Amino acid sequence: KQEVTQIPAALSVPEGENLVLNCSFTDSAIYNLQWFRQDPGKGLTSLLLIQSSQREQTSGRLNASLDKSSGRSTLYIAASQPGDSATYLCAVPSSGGGADGLTFGKGTHLIIQP
Amino acid sequence: DAEITQSPRHKITETGRQVTLACHQTWNHNNMFWYRQDLGHGLRLIHYSYGVQDTNKGEVSDGYSVSRSNTEDLPLTLESAASSQTSVYFCASSESIYGSETQYFGPGTRLLVL
């Protein structure tokens, strides 16, 4: 059974810092990995989707890397801003391509202090 | 713009009552999913569907049922609501069964069972 772990569970940093969120998964036979953002009381917004054949994906100040062999992914946020405050979730397909759903980590709750 | 909507957004019910949560997507996606989110557990898969007339059980399906009569809708029914089913419920959809597409999430339904 796939399991996903996110470290740290919570993080508070001053504005402007670069930071790294970590995600690990137990079964390396994944098709892809997704990073989501969740604001309080809201749904999930997809940030980045990395295919198994890719090493990284970038969107603006966000960069996500994937190392399948070690079962790890990192989300790098450059020049953090108060608007980045949210919970960040990592998810991988529960099995196969993901048509049978995703397995999520419990998230990293991020606070960016102005 | 295409979207996923859920209704109601908030619901209070009593133990033993039947409750149906609605999910409607205009992406024309074949795959639809229901998750629940609880503190300490993260998001867990309840049921999913690959298309019309297809339904499958997820990790935490006991006490829940779904039916898929068209592409756009996947209602979730709690047959006899229990306090343990107090949670936030998210519906999601995706286009591909091959894991190349992201999942899009609705805004969630907050359910309280008294």
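Residues numbered from 1 in each chain as written. Chains lettered and ligands numbered in written order. Predicted model: local features only at pLDDT ≥ 70, side-chain atom pairs only at ≥ 80, totals over all residues. Heavy atoms only, no water.

1. Re the overall build of chain B
Regarding its fold elements, chain B presents zero helices and 11 strands. When the helices and strands of chain B are listed from N to C terminus, the series reads β-β-β-β-β-β-β-β-β-β-β. Projected onto its principal axes, the C-alpha coordinates of chain B cover approximately 40 × 30 × 25 Å. Across chain B, contacts joining residues at least 24 apart in sequence account for 54% of those joining residues at least 6 apart. With the model as given, the accessible surface of chain B reaches about 5,500 Å², and the carbon-plus-sulfur share is 47%. Seen as two clouds, the 8 positive and the 12 negative side-chain charges of chain B have centres 10 Å apart. (Helix = DSSP H or I, 4+ residues; strand = E, 2+ residues; numbered from the N terminus. Contact = heavy atoms within 4.5 Å. Areas by Shrake-Rupley, 256 points an atom, 1.4 Å probe, with all protein chains shown as cover. Lys, Arg positive; Asp, Glu negative; His and termini not counted. Charge placed at Lys NZ, Arg CZ, Asp CG, Glu CD.)

2. Topic: the overall build of chain A
A count of helices and strands for chain A gives zero helices and 11 strands. Reading the secondary structure of chain A in the N-to-C direction produces β-β-β-β-β-β-β-β-β-β-β. A globule of 114 residues ought to have a C-alpha radius of gyration of about 13 Å, and chain A, at 13 Å, matches this closely. Counting only C-alpha atoms, chain A reaches 40 × 30 × 20 Å along its principal axes. Residues counted as buried form 46% of the 114 residues belonging to chain A. Look at the contacts in chain A between residues 6 or more apart in sequence, and 53% of them connect residues 24 or more apart. Carbon together with sulfur atoms contributes 49% to the accessible area of chain A, which is approximately 5,100 Å² in total. (Rg over C-alpha atoms; globule rule 2.2 N^0.38 Å. Buried < 20%, exposed > 50% of the residue type's maximum accessible area, 1.4 Å probe, protein only.)

3. Topic: the interface of chain B and chain A
Contacts between the two partners involve 24 residues from chain B, matched on the other side by 22 residues from chain A. Here chain B and chain A share an interface that buries about 1,700 Å² over both sides, 53% of which is from carbon and sulfur atoms. The tally of links from chain B across to chain A stands at one salt bridge. Across the pair E59(B) and K1(A) runs a salt bridge, and its minimum N-O distance is 3.4 Å. Counting the contacts that link chain B with chain A gives six residue pairs in polar contact (both at pLDDT 80 or more). Taken together, the elements giving at least two residues each to the side of chain B that touches chain A come down to β4 (31–38) and β5 (42–49) of chain B. For the side of chain B that touches chain A, the leading source of residues is β5(B), giving four residues. Grouping the constituent residues of the side of chain B that touches chain A by class yields 11 nonpolar, nine polar and four charged. (Buried area = accessible area lost by both parts, 1.4 Å probe. Salt bridge = Lys/Arg side-chain N within 4 Å of Asp/Glu carboxyl O. Polar contact = N/O pair within 3.5 Å; in protein donor to acceptor, adjacent residues only side chain to side chain. Nonpolar A, V, L, I, M, F, W, Y, C, P; charged D, E, K, R; others polar.)

4. Examining the sheet that holds strand β1 (residues 4–7) of chain B
Residues and elements named next belong to chain B. Read from one edge to the other, the open sheet built from four strands follows the order β1-β3-β8-β7, with strand pairing classed as antiparallel. The sheet is open, and its two edges are formed by β1 and β7 (64–66), each paired on a single side. Looking at each pair of strands side by side, their axes are set apart by 20° on average, direction ignored. As defined by bridge partners, β7 adjoins strand β8 (residues 76–78) across three bridges and the pair is classed as antiparallel. Following the sheet pairing, V66 is matched in β8 by L76. (Pairing = 2+ DSSP bridges. Axes fitted to C-alpha atoms, helices over the stretch in contact; angles between N-to-C directions.)

5. Some details on the nonpolar core
A general tendency of soluble globular proteins is for nonpolar side chains to be buried together. If you look at the biggest cluster of nonpolar residues, it comprises 22 residues, and the most contacted ones within it are L19(A), F25(A), L33(A), W35(A), L75(A), I77(A) and Y88(A). Going through the elements one at a time, β3 (19–25), β4 (32–38), β5 (44–51), β7 (62–67), β8 (72–77), β9 (86–93) and β11 (108–113) of chain A are the ones with two or more residues in this core. (Core = buried A, V, L, I, M, F, W, Y, C linked by side-chain atoms within 4.5 Å.)

6. With respect to the pattern of salt bridges
Inspection of every chain in the model, using the stated rule, returns six salt bridges over all chains. R61(A) is the partner of D84(A) in a salt bridge, and the nearest nitrogen-oxygen pair spans 2.8 Å. One end of the pair, D84(A), is in the loop between β8 and β9; the other, R61(A), is in the loop between β6 (56–59) and β7, and 23 residues separate them in sequence. With relative accessibility at 28%, the residue R61(A) sits in the partly exposed group. Linked through salt bridges whose partners overlap, the residues forming this network are R36(B), D38(B) and R44(B).

7. Some remarks on the packing of aromatic side chains
Two numbers describe a pair of aromatic rings. These are the distance of the centres and the angle of the planes. All told, the structure shown has 10 aromatic pairs over all chains when counted by the stated rule. When the ring of F36(A) is compared with that of F104(A), the centres are 5.7 Å apart and the planes differ by 45°; the resulting orientation is tilted. One end of the pair, F36(A), is in strand β4; the other, F104(A), is in strand β10 (residues 102–104), with 68 residues separating them in the sequence. Assessed through its relative accessible area of 0%, F36(A) is described here as buried. A relative accessible area of 6% means that F104(A) is categorised as buried. Ring-pair connections join several aromatic residues into one group, and the members of that group are F36(A), F104(A), F33(B), Y35(B), Y48(B), Y50(B) and F105(B). (Phe/Tyr/Trp six-rings, centres within 6.5 Å; stacked < 30°, edge-to-face > 60°.)

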